[in-house]
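One letter stands for each residue in the lines below.
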Amino acid sequence: MRAAVYHGNHKLEVEDIPEPTTGDGQVKVRVSRNGICGTDLHEYFDGPIFISPSDPHPLTGKAMPVVMGHEFSGVVTEVGAGVTDVNEGDNVTIEPIYKCGKCRPCRTGHYNVCQSIGFHGLMADGGMAEYTVVPRDQVHHLPDSVSLEMGALVEPMSVAYHAAALAEVNDQSRALVYGAGPIGIGLWFALRGMGLTDIDVVEPSPIRRASIEALGARTLDPTTQDVAGLIDEATHGDGVDAAFDAAGVPASVESATACLGERRPLISVAIYDKPVLTPLINLVLKERRIQGTLCYTAEDYKAVIDLMAQGHYDTTGWVDTIPLSGVVAGLEELRAGRRMKLLVDPTA
Ligand SMILES: [Zn+2]
Ligand SMILES: [Zn+2]
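These figures come from a predicted structure and were not determined experimentally.

*Asks:* Where do I start with the sheet that holds strand S13 (residues 218-220) in this structure?
*Replies:* Strand pairing in a sheet takes place through backbone hydrogen bonds and is either antiparallel or parallel in direction. Across the sheet, which stays open at both edges, the six strands sit in the order S13-S12-S11-S14-S15-S16 with parallel pairing between neighbours. Every other strand in the sheet has two partners, leaving S13 and strand S16 (289-292) as the edge strands with one partner each. Neighbouring strand axes in the sheet, compared pairwise and without regard to direction, differ in orientation by 25 degrees on average. Strand direction decides the pairing type here: strand S11 (residues 174-178) and strand S12 (residues 198-202), joined by five bridges, are parallel. Looking across to S12, one finds that Arg174 is bridged to Asp198. In this fold helix H8 (residues 250-259) packs onto S11, strand S14 (242-245), strand S15 (265-268) and S16, with an angle of close to 170 degrees to the strand it touches most, S11.

Below you can see the structure in the form of structure tokens.
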């Protein structure tokens, strides 16, 4: 079968490799769509970061070379011994986390921060291939009303949903989202799904602002507008109930911590390449806080799939599909900011 195999920095080759075989407790999936993620860009341009060049991962036993791809959907073609609740022909999406089940985070239900966490598509052969094999506990069924294209977006949308849920907001809350990339868009959909109507998305790029506005969002341009002043005025000095950093730059952290109400959180869902210099006195004086967020659990997957089944998510204008042979060109396009979200079709 054909697959995109990672061999190191700037080395992602589309090659023929043997089809994987289905072991006990495993499910074989014919991949329909696999999204390219910011993590994949980091591995290709700056890595290896998560993919180990030589040390086998403790849970998967796998190191480089590895088939990339952790955001995918597909159709079940085979189930291993002991799998009784997944059947050939089922449409599924994959929650790509390997967890140890023994560490404190795993024991307390927070396996998204498992001390030995691994990912299908980074520490095991992933979804940029015609077929892949996953453990049963990574499989989530897609209802008939959710397309396989939409199903490939459950993973990144669950990252955003988990972040939104950590803010403990309700339908009366006002929120600020920094960054209108795929995670910023996901935050907007998740917050809307939780009933919020008062959301501003702060984004300097006119292209990104236009694309989230087309979905119905209200935006602010931090290069020409005084975000903190506008929020102060609009909330009569109370500030917003939650802010989200999906931009990962010092300006967003500083602005967000200035716009929050007292005792309210900034949820950080960005990968910070460098240390951020920011006035933490913004936190102290109003008991504000910064909260990190990582991945998702099965609960977030279920919430996102339910919202998708209700037709809540719209891919218009920000999601495109490319063939597997175009994966390297796709990485370059994303890096250059010419595309927002690309899904790889391994059969094309
Ligand atoms: Zn990802
Ligand atoms: Zn664990």
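*Asks:* So what exactly am I meant to see when it comes to the side chain of Asp90 here?
*Replies:* Here Asp90 is to be found in the loop between strand S5 (71-79) and strand S6 (91-94). Buried and unpaired, Asp90 has no salt bridge, with Arg136 as the nearest side chain of opposite charge at 8.0 Å. Within the structure, the side chain of Asp90 is placed 2.8 Å from the side chain of His141, a separation counted as a polar contact. Residues in contact with Asp90, not counting those within four places in the same chain, are Gly74, Val75, Val76 and His141.

*Asks:* Just checking my understanding: could you explain the environment of Pro323 for this structure?
*Replies:* If you trace the backbone, Pro323 turns up in strand S17 (residues 319-323). The exposure class of Pro323 is partly exposed, given its relative accessible area of 33%. In this structure the C-alpha to C-alpha distance between Pro323 and Tyr313, which are 10 residues apart in sequence, comes to 23 Å.

*Asks:* Which parts of the structure should I look at to understand the coordination of the zinc ion (ligand 1)?
*Replies:* Six octahedral donors at a metal ideally form angles of 90 or 180 degrees, and four tetrahedral donors ideally form angles of 109.5 degrees. With distances of 2.1 to 2.8 Å, the protein atoms coordinating the zinc ion (ligand 1) are Cys37 (SG), His70 (NE2) and Glu71 (OE). All donors of the zinc ion (ligand 1) belong to a single chain; written as a sequence motif, their spacing is C-x32-H-E. Pair noted here: Cys37 is in the loop between strand S3 (26-35) and helix H1 (38-45) and Glu71 is in strand S5, with a separation of 34 residues, a long-range link. Of the two residues examined, Cys37 and Glu71, each falls in the buried class.

*Asks:* Just checking my understanding: could you explain the side chain of Asp245 for this structure?
*Replies:* Looking at the element boundaries, Asp245 is found in strand S14. Among the polar contacts listed, one links the side chain of Asp245 to the side chain of Ser252, at a separation of 2.9 Å. Other than its neighbours up to four places away in sequence, Asp245 contacts Tyr178, Ser252, Val253, Leu266, Ile267, Ser268, Val269, Ala270 and Tyr272.

*Asks:* Sorry, what's going on with the coordination of the zinc ion (ligand 2) here?
*Replies:* Distances from the zinc ion (ligand 2) to its protein donors, Cys100 (SG), Cys103 (SG), Cys106 (SG) and Cys114 (SG), fall within 2.3 to 2.4 Å. Around the zinc ion (ligand 2), the four donor atoms are arranged such that angles at the metal cover 104 to 117 degrees; this shape is classified as tetrahedral. Each donor residue of the zinc ion (ligand 2) lies on the same chain, and together they follow the pattern C-x2-C-x2-C-x7-C. Both residues of the pair, Cys103 and Cys106, belong to the buried class.

Thresholds, definitions, all that
- Residues numbered from 1 in each chain as written.
- Chains lettered and ligands numbered in written order.
- Predicted model: local features only at pLDDT ≥ 70, side-chain atom pairs only at ≥ 80, totals over all residues.
- Heavy atoms only, no water.
- Pairing = 2+ DSSP bridges.
- Helix = DSSP H or I, 4+ residues; strand = E, 2+ residues; numbered from the N terminus.
- Axes fitted to C-alpha atoms, helices over the stretch in contact; angles between N-to-C directions.
- Contact = heavy atoms within 4.5 Å.
- Buried < 20%, exposed > 50% of the residue type's maximum accessible area, 1.4 Å probe, protein only.
- Lys, Arg positive; Asp, Glu negative; His and termini not counted.
- Salt bridge = Lys/Arg side-chain N within 4 Å of Asp/Glu carboxyl O.
- Polar contact = N/O pair within 3.5 Å; in protein donor to acceptor, adjacent residues only side chain to side chain.
- Donors = N, O, S within 2.8 Å, 3.2 Å for Na, K, Ca; no water.
- Tetrahedral: all angles 85-135°; square planar, octahedral: opposite > 155°, others 65-115°.

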